[in-house]
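# Report on the structure
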Amino acid sequence: MIALAGRIGRWTLNALAAGARVSVLMVDTVFWLVVAPIRGKGLRTRSAVESFVEFGVRSLPIVGMICFLVGVILALQSSYTLEKWGANRFIATLVAVSALREMAPLMTAILITGRCGSAITAEIATMKVSEEVDALEVMGLNPVKYLVAPKFLAMALAVPCVTVIAMFIMVLGGFLASVVVVGVPASIYIDETIRALVEKDLVIGLTKSAFFGIAICWVGVYRGFQVEGGAEGVGRQTTSSVVTSIFLIIIIDLIFTVLFYFL
Amino acid sequence: MNDLTDPIIVVEDLVAKYGDRTVLDGVSFTVRRGEIFVILGGSGSGKTTVLRNLVGLMRPVSGRILINGEDFTSMSEQERIELRKKMGMSFQESALLTSISVGDNVALPVREHTKLEASTIDIMTKIKLELVGLGGFENYLPSELSGGMKKRAGIARAMAMDPEIIFYDEPSAGLDPIVAAGIDALIRKMRETFSLTSVVVTHAMESVRLIADTVCMLDGGRVIAIGTLDEIEGSDHPYVQQFLARRPDAEEGGDSSYARSLTGVD
């Protein structure tokens with residue numbers, strides 16, 4: 001009983017300490033991203049652009065391919081039920097709405113976590129282990145300004161940008177599967193898609209994906225700075241970064257879904 | 001004991017802990033301007049912790065560090081950044097940023113801290129690399145350099161802002177004797193050319209003999225001997241003698257000193 005209380009207490013303290021560290025990191029990032037550039041201390045724009053290319057542009061092939069296939073799967077799975085009612089034309093509605101509101105933002109975020117969240121953690125953890133982070137600090141260069149702020153900006157922009165393209169490709173995948181495999185006439189599919197979609201779907205999808213991007217970057221950075229030990233520690237942090245990110249992404253998704261359900 | 005005129009670094013009663021473990025237990029010493037001050041000690045003696053406190057990577061639990069008469073320990077982060085511009089540090093594994101070229105590494109602090117023109121910074125970078133014997137290597141990536149060259153590049157980066165004090169963490173660790181001797185010679189050259197104050201953390205006696213003006217020997221988080229090399233070698237402290245004679249610790253079993261340490265009877 002006492003052991004249990006002790007464990008709960010220790011768990012709470014650890015969670016609070018982690019929360020405090022994350023908050024410090026958040027405040028620092030926002031400072032170097034918003035306040036410092038206003039005060040003329042500059043933002044490392046070039047590094048942000050390089051990160052954007054890495055997180056965004058280079059993620060496009062894999063995200064595009066996966067989202068195309070998910071679009072095909074969505075269409076065929078929907079047809080399984082809708083066919084019984086002779087309602088195959090509504091595949092378009094189902095694919096369009098689930099792609100924009102849910103599947104495209106989610107798949108993009110998870111793929112970018114695997115591709116880039118892990119890379120952010122590995123990079124920062126390795127730099128910490130090899131004393132590069134210490135070297136920055138000794139040179140009077142703030143590691144958050146130098147390493148975190150550009151990545152954060154890049155990630156918060158890249159994830160929504162890739163998501164928009166992913167949405168389009170997923171709908172295209174659904175369209176091709178419906179027309180070629182299920183046999184829905186192309187014109188009907190296009191009409192139904194246009195009728196199904198409203199502006200709000202896009203807004204919901206993109207808002208979510210911006211938050212996904214923020215979560216991926218913060219978790220990646222936080223886990224990276226937490227590293228202890230050598231190569232083994234880097235590996236452990238990278239794994240835990242991916243797991244934490246995906247968990248957070250699902251939680252954020254749930255919160256937004258509930259929120260928009262009642263709105 | 002060392003002459004205390006014109007001190008540049010004064011460390012007073014420094015106590016540092018990692019969690020509950022006390023790593024430094026009241027360390028005090030004074031570094032004179034322009035000397036090569038060697039902090040000597042075995043693994044776990046706390047010498048690296050002293051260095052981390054001196055450059056501000058750690059804040060001590062208690063005690064003070066005065067640099068140029070200013071209290072480094074109680075400064076705000078902003079004031080520390082200002083003071084750090086006058087310090088350079090060469091890291092054990094050189095800690096060059098691996099994603100940018102050697103030249104960019106050296107230029108980085110200058111680019112971030114000054115408003116000098118790019119062409120001026122380029123020339124400065126070339127001069128610093130020339131100084132450490134790496135002229136012409138500015139476009140190489142750190143991964144393309146050997147261990148000794150990386151260490152030299154790290155020293156060039158530490159020198160980038162023309163510091164008053166330079167800190168070396170284990171400058172000869174992991175290098176072959178010839179390259180290590182080259183680094184020792186470079187440390188001396190830096191001091192002679194720029195009358196730079198150098199603080200060197202090491203456990204390598206060979207390089208201590210070549211470079212040290214003052215030696216401060218640490219064991220178990222305390223200063224056990226301080227003075228010139230001759231004074232240290234003349235010390236009758238058992239750990240100092242054991243360290244200098246490169247004698248291993250007493251083996252378990254059979255040895256009477258081990259039995260004494262168990263029973264607590266001398």
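Just so you know, these numbers come straight off a predicted model, no measurement behind them.

Assigned secondary structure in chain B consists of 10 helices and 10 strands. Taking all 266 residues of chain B together, 50% fall into the buried category. The long-range share in chain B, meaning contacts at least 24 apart out of those at least 6 apart in sequence, stands at 65%.

Right, let's get into the overall build of chain A. When helices and strands are counted, chain A shows nine helices and zero strands. When the elements of chain A are put in sequence order from the N terminus, they spell out α-α-α-α-α-α-α-α-α. C-alpha atoms of chain A, sized along the principal axes, occupy 70 × 55 × 35 Å. Within chain A, the fraction of its 263 residues that count as buried is 46%. Of all intrachain contacts in chain A linking residues separated by at least 6 positions in sequence, the fraction that spans at least 24 positions is 84%. As displayed, chain A offers around 13,100 Å² of accessible surface, 73% of which is attributable to carbon and sulfur atoms. For chain A, the separation between the mean place of its 20 positive charges and that of its 17 negative charges on side chains is 4 Å.

Moving on to the sheet that holds strand β8 (residues 197-202) of chain B. All names here are of chain B. Spatial strand order, β6-β7-β8-β3-β9-β10: six strands in an open sheet with mixed pairing. The open sheet has two free edges, formed respectively by β6 (87-90) and β10 (222-227), since each of these has just one partner strand. Ignoring strand direction, the axes of neighbouring strands in this sheet form an average angle of 15°. The sheet contact formed by strand β3 (residues 36-41) and strand β9 (residues 214-219) spans five bridges and is parallel. Each bridged residue has a counterpart across the sheet, and for L40 the counterpart in β9 is M217. Against the sheet, helix α6 (residues 177-194) engages β3, β7 (165-169) and β8, with an angle of about 145° to β3.

Let us now look at helix α4 (residues 118-131) of chain B. Residues and elements named next belong to chain B. Under the 1.5 Å per step criterion, the end-to-end length of α4 is 20 Å for 14 residues, consistent within 8% with the ideal 20 Å. Within α4, burial applies to I121, T125, K128, L129 and L131. When α4 is viewed along its axis, its buried side chains cluster within an angular range of 150° and face the same direction. Seen from the open side of α4, the exposed residues pointing more than 90 degrees away from its buried face are I123, I127 and E130.

With 67 residues, the main nonpolar core has I91(A), L136(A), M155(A), M170(A) and V221(A) as its most contacted residues. Of all the secondary structure elements, the ones that give two or more residues to this core are α1 (2-38), α3 (60-82), α4 (91-129), α5 (132-138), α6 (143-182), α8 (199-225) and α9 (231-262) of chain A. Looking at this core element by element, the count peaks at 18 residues for α6(A). Apart from the residues within four sequence positions on either side, M170(A) is in contact with C67(A), V70(A), G71(A), L74(A), V95(A), A99(A), M103(A), A104(A) and M107(A). Among the nonpolar cores identified, the runner-up in size contains 42 residues, and I166(B), V208(B), I211(B) and M217(B) belong to it.

This part covers a nonpolar patch on the surface. Taken together, the side chains of L76(A), F168(A), L172(A), L176(A), V180(A) and V181(A) define a hydrophobic patch exposed on the protein surface, amounting to about 570 Å² of accessible area. When residues in the nonpolar patch are grouped by element, the largest group, five residues, is from α6(A).

Buried accessible area, meaning the area lost when the parts come together, often serves as the stated size of an interface. Between chain A and chain B, the residue contacts involve 16 residues of the former and 21 residues of the latter. Taken together, the two surfaces of chain A and chain B that pack against each other cover about 1,600 Å², and 58% of this comes from carbon and sulfur. When the buried surface of chain A facing chain B is broken down by residue, E131(A), V138(A) and M139(A) rank first, second and third, together holding 37% of it. Counting across the chain A and chain B interface gives two salt bridges.

Let us now look at the sheet that holds strand β2 (residues 21-32) of chain B. All names here are of chain B. Taken together, four strands build an open sheet; the order of strands is β2-β1-β4-β5 and the sheet is antiparallel. Every interior strand has two partners, whereas the edge strands, β2 and β5 (70-71), have only one. Taken together, the nine bridges between strand β1 (residues 7-18) and β2 define a ladder with antiparallel strand orientation. Bridging across to β2, L14 finds its partner in V27. On top of the sheet, helix α1 (residues 47-54) reaches β1, β2 and β4 (62-67); it is set at about 120° to β1, its chief contact.

Right, let's get into the packing of aromatic side chains. For the structure on display, the rule yields nine aromatic pairs over all chains. Ring geometry for F31(A) and W32(A): centres 5.1 Å apart, planes at 90°, overall edge-to-face. Pairing Y239(B) with F243(B) gives two aromatic rings, centres 6.1 Å apart and planes at 45°, and the pair type is tilted. With a gap of four residues between them, Y239(B) and F243(B) both fall in helix α9 (residues 238-244), about one helical turn apart. Assessed through its relative accessible area of 17%, F243(B) is described here as buried. Each member of the aromatic cluster is reached from another via a ring pair, and the members are F211(A), F256(A) and F260(A). The side chain of K84(A) reaches across the aromatic face of Y80(A), ending 4.7 Å from its centre. Against the face of F72(B) rests R80(B), its NZ or CZ located 4.7 Å from the ring centre.

Attention shifts here to the side chain of T73(B). Residues and elements named next belong to chain B. Secondary-structure assignment places T73 in the loop between β5 and α2 (77-84). You can call T73 buried: its relative accessible area is 14%. Within the structure, the side chain of T73 is placed 2.5 Å from the side chain of D71, a separation counted as a polar contact. Apart from the residues lying within four places of it in its own chain, the contact partners of T73 are R59, P60, G63, R64, I65 and R80.

Residues and elements named next belong to chain A. A complete count under the given rule lists zero disulfides over all chains for this structure. Here C67 is not disulfide-linked; the sulfur of C116 is the nearest cysteine sulfur, at 14 Å. Taking the relative accessible area as the measure of exposure, C67 reaches 0% and is therefore buried. Assessed through its relative accessible area of 1%, C116 is described here as buried.

Below, the discussion takes up the packing of α1(A) against α6(A). Residue and element names in this part refer to chain A. Close contact between α1 and α6 brings their axes to 9 Å; oriented N to C, the two are set at 85°. In this view, α1 runs roughly perpendicular relative to α6, as classed from their interaxial angle. Facing α1, whose interface residues are L25, D28, T29, W32 and L33, α6 presents V144, K145, V148, A149, F152 and L153. For the contact of α1 with α6, the residue count by class is eight nonpolar, one polar and two charged.

So, how was this worked out
Residues numbered from 1 in each chain as written. Chains lettered and ligands numbered in written order. Predicted model: local features only at pLDDT ≥ 70, side-chain atom pairs only at ≥ 80, totals over all residues. Heavy atoms only, no water. Helix = DSSP H or I, 4+ residues; strand = E, 2+ residues; numbered from the N terminus. Buried < 20%, exposed > 50% of the residue type's maximum accessible area, 1.4 Å probe, protein only. Contact = heavy atoms within 4.5 Å. Areas by Shrake-Rupley, 256 points an atom, 1.4 Å probe, with all protein chains shown as cover. Lys, Arg positive; Asp, Glu negative; His and termini not counted. Charge placed at Lys NZ, Arg CZ, Asp CG, Glu CD. Pairing = 2+ DSSP bridges. Axes fitted to C-alpha atoms, helices over the stretch in contact; angles between N-to-C directions. Expected span 1.5 Å × (residues − 1). Arc of directions from axis to C-beta. Core = buried A, V, L, I, M, F, W, Y, C linked by side-chain atoms within 4.5 Å. Patch = residues over 30% accessible without salt bridge, like charges linked within 9 Å, V, L, I, M, F, W, Y side chains within 5 Å. Salt bridge = Lys/Arg side-chain N within 4 Å of Asp/Glu carboxyl O. Buried area = accessible area lost by both parts, 1.4 Å probe. Phe/Tyr/Trp six-rings, centres within 6.5 Å; stacked < 30°, edge-to-face > 60°. Lys NZ or Arg CZ within 6 Å of the ring centre and 35° of its normal. Polar contact = N/O pair within 3.5 Å; in protein donor to acceptor, adjacent residues only side chain to side chain. Disulfide = S-S within 2.5 Å. Parallel < 35°, antiparallel > 145°, perpendicular 65-115°, else oblique. Nonpolar A, V, L, I, M, F, W, Y, C, P; charged D, E, K, R; others polar.

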